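One letter stands for each residue in the lines below.
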Amino acid sequence: MKAEVLQAQLKEMQDYIKYNTQQNSEVSGAPVGWHLAHNLKVIHSILGSLDISDPARYQWKFSWKKELVYLTGKIPRGKARAPKKVIPEENISAEELQDQISRASRKITGIPKLAKNAFFEHPYFGHIKRDETTKFLVIHTEHHLKIIRDILGEKVN
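None of these values were measured; they are calculated from a predicted model.

Considerations on the packing of aromatic side chains
So, step 1. Applying the stated rule across the entire model yields four aromatic pairs.
So, step 2. Ring geometry for Tyr-58 versus Phe-119: centroids 6.0 Å apart, planes at 55 degrees, classification tilted. A residue pair is termed long-range when its members are at least 10 positions apart, and Tyr-58 in the loop between helix H2 (32–52) and helix H3 (64–72) and Phe-119 in strand E1 (residues 119–122) qualify at 61 residues. For the pair Tyr-58 and Phe-119, one class covers both residues: buried.
So, step 3. A ring pair is formed by Trp-60 and Phe-62, whose centres lie 6.5 Å apart and whose planes are at 55 degrees; its orientation type is tilted.
So, step 4. Classification of Trp-60 as exposed rests on a relative accessible area of 58%.

Description of the packing of H2 against helix H4 (residues 94–108)
So, step 1. Packing of H2 against H4 brings their axes to within 10 Å, and their N-to-C directions diverge by 35 degrees. Two packed elements cross with a definite hand, and for H2 against H4 that hand is left-handed. Contacts between H2 and H4 involve Gly-33, Leu-36, Ala-37, Leu-40, Ile-43, His-44, Leu-47, Gly-48 and Asp-51 from the former and Leu-97, Gln-100, Ile-101, Arg-103, Ala-104, Lys-107 and Ile-108 from the latter.
So, step 2. In the contact of H2 with H4, the residues fall into nine nonpolar, four polar and three charged.

Side note on the environment of Glu-121
So, step 1. Mapped onto the elements of the fold, Glu-121 is located in strand E1.
So, step 2. Residue classification places Glu-121 among the exposed positions, given a relative accessible area of 58%.
So, step 3. Considered as a pair, Glu-121 and Ile-46 are 75 residues apart in the sequence and their alpha carbons are 8.3 Å apart.
So, step 4. Once residues within four sequence positions are removed from consideration, Glu-121 is found in contact with Gly-126 and His-127.

Here's the deal with helix H1 (residues 3–16)
So, step 1. For H1, with 14 residues, the first-to-last C-alpha span of 20 Å sits near the 20 Å given by 1.5 Å per residue.
So, step 2. For H1, every residue scored as buried is listed here: Leu-6, Gln-9, Leu-10, Met-13 and Tyr-16. On an axial view of H1, the arc spanned by its buried residues comes to 110 degrees, and they lie on one face.
So, step 3. In this fold, the buried residues of H1 make contact with H2, H4 and helix H5 (130–152).

Quick notes on the environment of Phe-120
So, step 1. As for its placement among the helices and strands, Phe-120 is situated in strand E1.
So, step 2. When the C-alpha positions of Phe-120 and Ala-80 are compared, they lie 18 Å apart, and in sequence the two are 40 residues distant.
So, step 3. In contact with Phe-120, other than residues within four places in its own chain, are Ile-46, Ser-49, Leu-50, Gly-126, His-127, Ile-128, Thr-133 and Phe-136.

Description of the packing of H1 against H5
So, step 1. Between H1 and H5, whose axes approach to 10 Å, the crossing angle comes to 25 degrees. Relative to H5, the element H1 is oriented roughly parallel. In this structure, H1 meets H5 at a crossing whose hand is left-handed. Note on element contacts: H5 touches H1 through Thr-134, Leu-137, Val-138, Thr-141, Glu-142, Leu-145, Ile-148, Arg-149 and Leu-152, opposite Ala-3, Val-5, Leu-6, Gln-9, Glu-12, Met-13 and Tyr-16.

Notes on the pattern of salt bridges
So, step 1. Summed over the entire model, instances satisfying the criterion amount to nine salt bridges.
So, step 2. Residues Asp-150 and Arg-77 are paired through a salt bridge, measuring 2.7 Å at the closest nitrogen-oxygen approach. With Asp-150 in helix H5 and Arg-77 in the loop between H3 and H4, this residue pair connects regions lying 73 residues apart in the sequence.
So, step 3. Residue Asp-150 is classed as partly exposed on the basis of its relative accessible area, which comes to 38%.
So, step 4. Taken together, the shared-partner salt bridges in this structure form one network comprising Glu-12, Glu-142 and Arg-149.

Conventions adopted
Residues numbered from 1 in each chain as written. Predicted model: local features only at pLDDT ≥ 70, side-chain atom pairs only at ≥ 80, totals over all residues. Heavy atoms only, no water. Phe/Tyr/Trp six-rings, centres within 6.5 Å; stacked < 30°, edge-to-face > 60°. Helix = DSSP H or I, 4+ residues; strand = E, 2+ residues; numbered from the N terminus. Buried < 20%, exposed > 50% of the residue type's maximum accessible area, 1.4 Å probe, protein only. Axes fitted to C-alpha atoms, helices over the stretch in contact; angles between N-to-C directions. Left-handed = near helix turned anticlockwise from the far one by under 90°. Contact = heavy atoms within 4.5 Å. Nonpolar A, V, L, I, M, F, W, Y, C, P; charged D, E, K, R; others polar. Expected span 1.5 Å × (residues − 1). Arc of directions from axis to C-beta. Parallel < 35°, antiparallel > 145°, perpendicular 65-115°, else oblique. Salt bridge = Lys/Arg side-chain N within 4 Å of Asp/Glu carboxyl O.

Next up, the structure:
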């Protein structure tokens, strides 16, 4: 997947900042802002890990869960819990969300410049190298955008 898709998703996320505090408990226990902040923490964490990874330590390992997610392009809802390091603080401001989106957008452009075997370690999928990272980020971001769209319902139609 191309970085352009991820950049378009960041633009959509930006459009949802104004709904930061909106909730719909039938869809999610968390408000829109939590999903935005969580997704941005994931993006920043992954891109930071790619930056500092030692490409010589990359190890491929088969993961049927990863293959299923990559094949379908979907992450099932409610099947996994986010690691603590990507759980956002409470009451993240609209300004902070905007800043995080801008920073993420700039960092995404640097992915192709990294070593081919730069990687991050996913808690369920193992090592994911540079060229698979954008696809994972697109799938993960779309997962949370769908939740946000469901929370907002007709407000975004």
